[in-house]
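# Structural features, examined
In case you want the letters, here they are:
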Amino acid sequence: MQNKPRKVRTSNEPNRGQPVKIQGKRVVTNPTRNPRKIDSNPVSSTNPTRNPKKIDVANPTRNPRKIDVTNPTRNPRKIDSNPIDNSRQRNSNFSQPPVSTPTEEDNDLIYGRHPVLSALQNQRNLNRLWITTRLRYDPSFHHFLLQAKENGTVIDEVEPKRLDYLTNGANHQGVAAQVAPYAYMELPDLIEQAKAVTDPVIVVADGITDPHNLGAIIRTAEAIGAQGLVIPQRRASGITSTVMKVAAGALENFAVARVVNLSRALEELKAAGYWIYGTAASGSEPVHTVNFTGPIVLVIGSEGEGLSMLTQRSCDFLVSIPLQGKTPSLNASVAAGMTLYEIYRQRSLNTLHLDKLQKISLKK
């Protein structure tokens, strides 16, 4: 089927030649002129705004409509389904600024009986607390709630549905609290505090991005007896409500330092007398063959990439956990727990227990 040439008015219009049909396409012998006009005056290149619509006559199906960006008010209709992206493509100088959304650390919420009760017992700064009627007058909570109210905490007695909404349907166990941002400790203060122990152990998390892993590492490290944790400020999870929930109250008795440069922090720990042990799958010694003595820093790598090359160069020793199955690696929190247990197992064997020696001598 051949396209019929469109009839246009010839009044006050110069001769533009006869149309020629080639393979079903309409071609004009004078392609420099625009055959379509919006008024009786001819279109000139000196005033391009006179004709906001332009049609490619040689191939009318390629771009049936073009919008004049020099005067966008002339054509209020938009044919793009995504006008924001289209406007950015037209003029990249007028891009919209990114919308800043509050992070989880800016508006932190902890929930669950044990995390909230630990925060109350250690007199953490709580801005607001939501609790059900049944749990508010529970003997384990009532005294601490009165003390928190005296310190300025707002206590709201709510229904369980309200807590479901605040925690996005999480297992809140009838109580939730909004806490102030976590107060990180400075690294020199952490080193000074750890001197109270004969052979302290400090854990360093190199780029742990999963808050569940970070919370599990904190819980295990505090339970086994480590003195603190060091985390980088960038490209890593901070102390959020999820970390507090997974840590199950361990953060109330466990110091966390946040540093800008992790390599520089490791050098500072070396200067303080610590031996740096990093967990790595390749080029390392099995963990049960390493003799852990003196002050120790245990560096745990990220979930996917492990220790970075820069961090590995800062380590004195690289250790690994031998695996017999087909799974190539362990979870970061599991690897931290197993290595920490080996450290304290060796120290327990080297400890002289006087009570046990007395019992043995009495039997003899």
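One can find the structure itself at the top, above this paragraph.
Let me sum up the structure you'll find in this document. Note that this is a predicted model, so its numbers are computed, not measured.

On to the overall build of the chain. Helix and strand counts for the chain come out as 12 helices and 13 strands. A separation threshold of at least 6 residues defines the contact pool for the chain, and within that pool the share at least 24 residues apart is 71%. Element-wise, carbon and sulfur atoms account for 51% of the exposed surface of the chain, whose accessible area totals about 23100 Å².

As a further point, take helix 7 (residues 211-224). Note that an α-helix has 3.6 residues per turn; residues three or four places apart therefore point the same way. With 14 residues, helix 7 should reach 20 Å at 1.5 Å per residue; the first-to-last C-alpha distance of 20 Å fits that figure. Inspection of helix 7 places Pro-211, Asn-213, Leu-214, Gly-215, Ile-217, Ile-218 and Ala-221 among the buried residues, and these make up the whole buried set. On its buried face, helix 7 sits against strand 7 (201-205), strand 8 (228-232), helix 8 (241-247), strand 12 (296-300) and helix 11 (332-349). Capping of helix 7 at its N-terminal end is provided by Asp-210; its side-chain oxygen lies 3.2 Å from the backbone amide nitrogen of His-212. The positive-phi residue at the C-terminal boundary of helix 7 is Gly-225, with phi of around 130°.

With that settled, the discussion passes to the pairing of strand 12. The buried fraction of strand 12 amounts to five of the five residues, a majority that puts the element mostly inside the structure. Strand direction decides the pairing type here: strand 7 and strand 12, joined by five bridges, are parallel. Residue pairing for strand 12: Val-204 is matched across the bridge by Val-299. In this sheet, strand 12 lies alongside strand 10 (residues 275-279) in parallel orientation, the contact comprising four bridges. Looking across to strand 12, one finds that Ile-276 is bridged to Val-297.

So, on to the side chain of Thr-279. You can see Thr-279 is positioned in strand 10. Judged by relative accessible area, Thr-279 falls into the buried class, the value being 16%. Each residue touching Thr-279, except ones within four places of it in the same chain, is listed here: Leu-298, Val-299, Ile-300, Gly-301, Leu-307, Val-319 and Thr-339.

Here we take up the pattern of salt bridges. This model, assessed by the stated rule, comprises six salt bridges. Among the salt bridges present, the one from Arg-136 reaches Glu-157, with a minimum N-O distance of 3.0 Å. Note that Arg-136 is positioned in helix 3 (residues 133-136) and Glu-157 in strand 5 (residues 154-157), a separation of 21 residues in sequence. Put simply, Lys-270 and Glu-267 hold a salt bridge, and the shortest N to O gap is 3.9 Å. Here the residue Lys-270 and the residue Glu-267 both occupy positions in helix 9 (residues 262-271), the gap between them amounting to three residues, near one helical turn. Assessed through its relative accessible area of 26%, Lys-270 is described here as partly exposed. Through salt bridges with shared partners, a single network forms among Glu-267, Lys-270 and Asp-316.

Summed over the entire model, instances satisfying the criterion amount to four aromatic pairs. Considering the side-chain rings of Tyr-182 and Tyr-184, the 5.1 Å spacing of their centres and the 75° angle between planes classify their relative orientation as edge-to-face. Centre to centre, the rings of Tyr-277 and Phe-292 are 4.9 Å apart; their planes meet at 55°, and the pair counts as tilted. On the criterion of sequence distance, the pair formed by Tyr-277 in strand 10 and Phe-292 in the loop between strand 11 (285-286) and strand 12 is long-range, its members being 15 residues apart. By relative accessible area, which is 3% here, Tyr-277 ends up buried. Every member of this aromatic cluster is reached through a ring pair, and the members are Trp-275, Tyr-277, Phe-292 and Phe-317. Across from the ring centre of Tyr-344, 5.9 Å away, lies the NZ or CZ of Arg-347, which sits over that ring.

Moving on to the packing of helix 2 (residues 113-121) against helix 4 (residues 139-150). Their axes nearest at 9 Å, the elements helix 2 and helix 4 cross at an angle of 45°. The angle between helix 2 and helix 4 falls in the class oblique. The hand of the helix 2/helix 4 crossing is left-handed. Between helix 2 and helix 4, the residues in contact are Arg-113, Val-116, Leu-117, Leu-120 and Gln-121 and Ser-140, Phe-141, Phe-144, Leu-145 and Ala-148, respectively. Across the contact of helix 2 with helix 4, the residue classes tally to seven nonpolar, two polar and one charged.

Vacant regions in the atomic arrangement are exposed by a probe of water-molecule size rolled over the atoms. Evaluated as defined, the whole model comprises two cavities of 30 Å³ or more. In this structure, the largest cavity spans a volume of roughly 50 Å³. Every residue lining the largest cavity is listed: Ile-110, Pro-115, Arg-124, Met-244, Gly-249, Leu-251 and Glu-252. Each residue belonging to the lining of the largest cavity can be placed in one class, and the counts come to four nonpolar, one polar and two charged. Here the lining of the largest cavity spans two domains, since at least three of its residues come from each of domain 1 (109-179) and domain 2 (187-352). Size it by volume and the second largest cavity reaches roughly 40 Å³. As for the second largest cavity, its lining consists of Arg-136, His-142, Leu-145, Leu-146, Lys-149 and Ile-155. Partitioning the lining of the second largest cavity into residue classes produces three nonpolar, one polar and two charged.

Analysis parameters
Starting afresh in each chain, residues are numbered from 1 along the sequence in its written order. Side-chain atom pairs in this predicted model are given and counted only at pLDDT of 80 or more, local residue features only at pLDDT of at least 70, and totals for whole chains, interfaces and linings cover all residues. Values reported for side chains reflect all heavy atoms of the structure, with hydrogen atoms and water molecules removed beforehand. Numbered from the N terminus, helices here are DSSP runs of H or I no shorter than four residues, and strands are runs of E no shorter than two. Throughout, a contact is declared for two residues whenever any of their heavy atoms are within 4.5 Å. Each accessible area value is a Shrake-Rupley result obtained with a 1.4 Å probe; residue values ignore everything except the protein chains displayed when judging cover. To estimate the expected span of a helix, count its residues, drop one, and scale the result by 1.5 Å. In this scheme, a residue with accessible area under 20% of its type's maximum is buried, one over 50% is exposed, and one in between is partly exposed, where area comes from a 1.4 Å probe on protein chains only. Think of a polar contact as two N or O atoms within 3.5 Å of one another; within protein, one of them needs to be a possible hydrogen donor and the other a possible acceptor, and neighboring residues in sequence only count if both atoms come from side chains. A pair of strands is labelled paired if DSSP reports no fewer than 2 bridges between them. Here a salt bridge means any side-chain nitrogen of Lys or Arg lying within 4 Å of a carboxyl oxygen belonging to Asp or Glu. In summary, the pairing rule links any two rings of Phe, Tyr or Trp, Trp by its six-membered ring, whose centres are within 6.5 Å, and it sorts them by plane angle into stacked for under 30 degrees, edge-to-face for over 60 and tilted for everything else. Note on geometry: a ring has a charge over it if NZ (lysine) or CZ (arginine) is within 6 Å of the ring centre and within 35 degrees of the ring normal. In this analysis, axes come from line fits to C-alpha atoms, helices being fitted only over the stretch in contact, and the angle between any two N-to-C directions falls in the range 0 to 180 degrees. By definition in this entry, angles of less than 35 degrees are roughly parallel, angles greater than 145 are roughly antiparallel, angles of 65 to 115 are roughly perpendicular, and the rest are oblique. Crossing handedness is read from the near helix: turned anticlockwise from the far helix by less than a right angle, it gives a left-handed crossing, and turned clockwise, a right-handed one. All residues other than Ala, Val, Leu, Ile, Met, Phe, Trp, Tyr, Cys, Pro, Asp, Glu, Lys and Arg, Gly among them, are scored as polar; the first ten of these are nonpolar and the last four charged. The definitions used throughout rest on a 1 Å grid laid over the protein atoms alone, on which a cavity is an enclosed set of points accommodating a 1.4 Å probe that cannot get out and a pocket is an open set flanked by protein within 12 Å on both sides along at least five of seven lines; lining residues are those having an atom within 4 Å of a point. Grid points are joined across faces, edges and corners, and a volume is the space filled by probe spheres set on the points. Here the limits of each domain have been adopted from an automatic or database domain assignment.

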